[in-house]
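Reading the structure
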Amino acid sequence: MDKTPFSCQALYILAGRLALPVGAFLLLVILGQVSDKILGEYALVTTYYFVLQTLPLMGLMPFYMREVARQPEKAGSYYVSVALMVLACCALINVVLWQALKYTAYSAEVVNAIALSGLAIIPGILAFLGEITLTSLHRSRPVAYIAIIENVLRLTASIALVLNDHGIESLIVVLLATRTISFLLYLVALKRVTVNFSIFKADRNFIGKARSVLPVFLLNTVLALLLSRLDFIILSLFEEISTIGFYAIGYRLFEIASIAISAILSAIYPTLSRAWHVNPAQFRWRVRTFLPGFFFFSIFIALTGFSFAETYVALLFPNQFPHPVFVSQLFLLLIMVHSIDCTLSQILNAMNLQRRDTLTLSLSTPLYLALLYLLVPTMSMNGAFIATALTLSFQMMIRYLFVRRTAPSLFSMQEAGLVSVLLITLFLLALELTESSLIEKLTFTLLATITVWVIMSKAGLLKPFHTLALFYSRKAKAHDDVNSRKTLFHCLAFDFLRYQSWQKRKFRDQPRISNFSFHAVFLLRLSRYLLLKNCHRLSRLTWQLNTVITKSDIRPCAQIGPGLVLDAPTAVGISGKVGHSASLLAHTALGRTGNKDVGFGLGQPVAGHNLLLKQRAYLLGGLLIPNRTSIKPHVQIDKPRLLKGGMDD
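Residues numbered from 1 in each chain as written. Predicted model: local features only at pLDDT ≥ 70, side-chain atom pairs only at ≥ 80, totals over all residues. Heavy atoms only, no water.

Here we come to the nonpolar core. In terms of nonpolar packing, the biggest core is built from 151 residues, with Tyr 64, Leu 129 and Phe 283 touching the most fellow members. Among the elements that make up this core, the one with the highest residue count is helix 13 (residues 354–406) (17 residues). Aside from chain neighbours lying at most four places away, what touches Leu 129 is Leu 57, Tyr 64, Tyr 79, Val 82, Ala 83 and Val 86. Formed by 24 residues, the second largest nonpolar core is a distinct cluster that contains Ile 574, Ala 607, Val 635 and Ile 637. (Core = buried A, V, L, I, M, F, W, Y, C linked by side-chain atoms within 4.5 Å. Buried < 20%, exposed > 50% of the residue type's maximum accessible area, 1.4 Å probe, protein only. Helix = DSSP H or I, 4+ residues; strand = E, 2+ residues; numbered from the N terminus. Contact = heavy atoms within 4.5 Å.)

As structure tokens, then:
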């Protein structure tokens, strides 16, 4: 297994997933410069490709990744087993597709392109299997590299063909060729990570297990697929091909935002899943901390995107301007609803309520289909957006009710009502500004963001520091000093987490008393960081400012590990070296005296981890203080000797 840090793994996965839609978006920009016709044809054919690409795996991706992660030594046989299943499914899909295309009203060129896209799913799905195999083995770096190489080749070849007046068929041939190259590269990458496979090594037990879980996974995949691409298909039945191109210009930004949202939620999902099984109270805290913060962040992104939507279309799609502007603005505003809906879906899955999530999709799909057939013939692409927005809102409501039914304490009906009012108000106000200037829109974005911040903070929903802390480990790491910006951030984050835990244990349900505890720690870390960066005057100035404001005397020459808590910083002094997770109450000190050297200088104490000094406890001189030492109140120790850990001394 690769030991690449989780953050790097997440970045590699995000790069791999964004490469294809970003490449498709850039090609869309180029095609928009050529003609509306080829723009619409490309949007339509790639929609069919994405639909066909998803079906052969039959929703088994979570099951496959789980099994490979559990038994990496069998990754080769599992790959072959699933590959045989998806190849049979690809053959069936292509036979049905070729027969169905005979009854469509598409042009001959579009029909041939769709048929070629059906062939492209064969190497495409085998390449995707290689991608999720590497991801399950924590070998995500090749995934990013292969995705970037493939999309650079595809984009370069497609631009060359378009500039030489080639049509949609040539673009899909390029897609078929680059998907084949990607598949071959994944075979090489799998070989390099010692995944041994042969067509004769299919695992019958694995195939049997896959068949047993297939119905639920397949139903969920088909429903999600219909909800994500049904609007393009219905538009193609009632509107001209150029209208689909206009719609795709706005939808592509929404699609890229959806992938980014999915990547963020993938990072938080394992934490929520573990918390639900281990500690429901911790699960509640994490959900209440993450969802409002994520919602606030999505509001800022959505309103900023809305402000620049007209500029985006004018710069990148001048030939289509201004037709796609309004639908682009609408889709960017829809990110606010989509972020909550996706988060609620992840919460349901973390609570082992996958069937209720599937039920939500089952209820939403017929509603979506009915709304599309009702609105698209009369309102064109605006009708398709309204159908999408209403369906997403319906999904969000149903998922919230399912979550509340299982965990009523997560969010009250009043809090849900407040969020709904904020969503509706922001959407209606934004619609009034669709024709306004960029400055007016940006002013609205700033004022709306500040207003939402104040309202959600007053309601007790928004806690920004807590939200940031969710993405940070609660375990102390091996950073002994703040000698870089990374370690400075680490120490401050862990200091804040311990301070919050300390406050919870101390006050419980009582009103909390504010003091300068964290301020003192923050200024201490900053002065120490400046000292290590040879900014001696700034370091001294920061230390003196800390002394004046918080009445503490912790000099920057002291080396203190992450997780420091000063219950009341008044008259607290520290010299020497202290490990992580130290807690000091008021009027306590680790001071320098004498000539005994225990490893950090003459007369300097050296303390281990999890030190606790109670009121008016003093440790002076060259003392070696072991881990988990607790000192009683009103005790002074100044003789150089080894203290006993784990008890009051």
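Additional details are given in the paragraphs that follow.
Across the chain, the bulk of peptide bonds are trans and the bulk of non-glycine residues have phi less than zero. One non-glycine residue, Ser 380, adopts positive backbone phi at about 55°. The topology assignment puts Ser 380 in helix 13. If you check the backbone angles, His 634 has positive phi at about 55° while not being a glycine. You can see His 634 is positioned in the loop between strand 12 (630–631) and strand 13 (636–637).

The contact between helix 10 (residues 280–316) and helix 15 (residues 438–458) brings their axes to 9 Å, and the two run at 170°. As summarised for this structure, helix 10 and helix 15 are arranged roughly antiparallel, according to the angle between their axes. Facing Pro 292, Phe 295, Phe 296, Ile 299, Phe 300, Leu 303, Thr 304, Phe 306, Ser 307, Phe 308, Glu 310 and Thr 311 of helix 10, the residues of helix 15 in contact are Leu 438, Lys 441, Leu 442, Phe 444, Thr 445, Ala 448, Thr 449, Val 452, Trp 453 and Met 456. Taken together, the residues that form the contact of helix 10 with helix 15 break down as 15 nonpolar, five polar and two charged. (Axes fitted to C-alpha atoms, helices over the stretch in contact; angles between N-to-C directions. Parallel < 35°, antiparallel > 145°, perpendicular 65-115°, else oblique. Nonpolar A, V, L, I, M, F, W, Y, C, P; charged D, E, K, R; others polar.)

Before going further, it helps to spend a moment on helix 7 (residues 168–192). Its 25 residues place the ends of helix 7 36 Å apart at the C-alpha level, agreeing with the 36 Å of an ideal helix rising 1.5 Å per residue. Listing the buried residues of helix 7 in full gives Ile 168, Leu 171, Ile 172, Val 174, Leu 175, Thr 178, Arg 179, Ser 182, Phe 183, Tyr 186, Ala 189 and Leu 190. (Expected span 1.5 Å × (residues − 1).)

Another aspect to go through is the sheet that holds strand 1 (residues 553–554). As summarised here, the arrangement of the five strands in space is 1-4-7-10-13, forming an open sheet in which the pairing is parallel. Two strands lie at the open edges of the sheet, namely strand 1 and strand 13, each paired on one side alone. With two bridges joining them, strand 4 (residues 573–574) and strand 7 (residues 589–591) adopt parallel strand pairing. Bridging across to strand 7, Gly 573 finds its partner in Ala 589. (Pairing = 2+ DSSP bridges.)

Our focus in this paragraph is the sheet that holds strand 12. Strand pairing in a sheet relies on backbone hydrogen bonds, with the paired strands running either antiparallel or parallel. Ordered by their spatial adjacency, four strands build an open sheet running 3-6-9-12, and the pairing between neighbours is parallel. What marks the edges here is a single partner per strand, and that holds for strand 3 (565–566) and strand 12.

With that settled, the discussion passes to helix 15. Here helix 15 is 21 residues long and its end C-alpha atoms lie 30 Å apart, about the 30 Å a rise of 1.5 Å per residue gives. What helix 15 keeps buried is the set Lys 441, Phe 444, Thr 445, Ala 448, Thr 449, Val 452 and Met 456. End-on view of helix 15: buried residues confined to an arc of 130°, all on one side of the axis. Seen from the buried face of helix 15, the exposed residues on the opposite side, beyond 90 degrees, are Ile 439, Leu 446, Leu 447 and Lys 458. Of the surrounding secondary structure, the elements contacted by the buried residues of helix 15 are helix 10, helix 11 (325–333) and helix 14 (413–432). (Arc of directions from axis to C-beta.)

Mapped onto the secondary structure, Gln 329 falls in helix 11. Overall, the relative accessible area of 2% leaves Gln 329 in the buried class. Aside from chain neighbours lying at most four places away, what touches Gln 329 is Phe 306, Ala 309, Thr 434 and Lys 441.

With that settled, consider the packing of aromatic side chains. Under the counting rule described, the total for this entry stands at 16 aromatic pairs. Taken together, a centroid distance of 6.1 Å and an interplanar angle of 80° make the contact between Tyr 48 and Tyr 106 edge-to-face. Pair noted here: Tyr 48 is in helix 2 (residues 36–54) and Tyr 106 is in the loop between helix 4 (75–100) and helix 5 (108–136), with a separation of 58 residues, a long-range link. Accessibility assignment for this pair places Tyr 48 and Tyr 106 in one class, buried. Here the aromatic rings of Phe 290 and Phe 294 are separated by 5.1 Å at their centres, their planes lie at 20°, and the arrangement is stacked. In this pair, Phe 290 and Phe 294 are both assigned in helix 10, four residues apart and thus about one turn of the helix distant. (Phe/Tyr/Trp six-rings, centres within 6.5 Å; stacked < 30°, edge-to-face > 60°.)

Let's shift gears to the pattern of salt bridges. A full pass over the atoms with the stated rule returns seven salt bridges. Notably, a salt bridge pairs Arg 399 with Asp 357, separated by 2.8 Å at the nearest N-O pair. Comparing Arg 399 with Asp 357 shows no difference in burial state: the two are buried. Note that Asp 495 and Arg 525 form a salt bridge whose closest N and O atoms lie 2.8 Å from each other. With Asp 495 in helix 17 (residues 485–507) and Arg 525 in helix 18 (residues 517–532), the pair connects residues that are 30 residues apart, well separated along the chain. (Salt bridge = Lys/Arg side-chain N within 4 Å of Asp/Glu carboxyl O.)

Nonpolar side chains collect at one region of the surface, where Tyr 145, Ile 149, Leu 153, Ile 181 and Leu 185 lie side by side and expose about 420 Å² of accessible area between them. Sorting the residues of the nonpolar patch by element identifies helix 6 (141–163) and helix 7 as the ones contributing at least two each. Of the residues forming the nonpolar patch, the biggest block, three residues, is contributed by helix 6. Here Leu 185 shows up in helix 7. Assessed through its relative accessible area of 30%, Leu 185 is described here as partly exposed. (Patch = residues over 30% accessible without salt bridge, like charges linked within 9 Å, V, L, I, M, F, W, Y side chains within 5 Å. Areas by Shrake-Rupley, 256 points an atom, 1.4 Å probe, with all protein chains shown as cover.)

The next point concerns the packing of helix 12 (residues 335–350) against helix 14. It is at 10 Å that the axes of helix 12 and helix 14 come closest, and there the two elements cross at 155°. Regarding the angle of helix 12 to helix 14, the classification is roughly antiparallel. Judged by residue contacts, Met 336, Val 337 and Ile 340 of helix 12 engage Val 419, Leu 423 and Leu 426 from helix 14. Of the residues contributing to the contact of helix 12 with helix 14, the split by class is six nonpolar, no polar and no charged.

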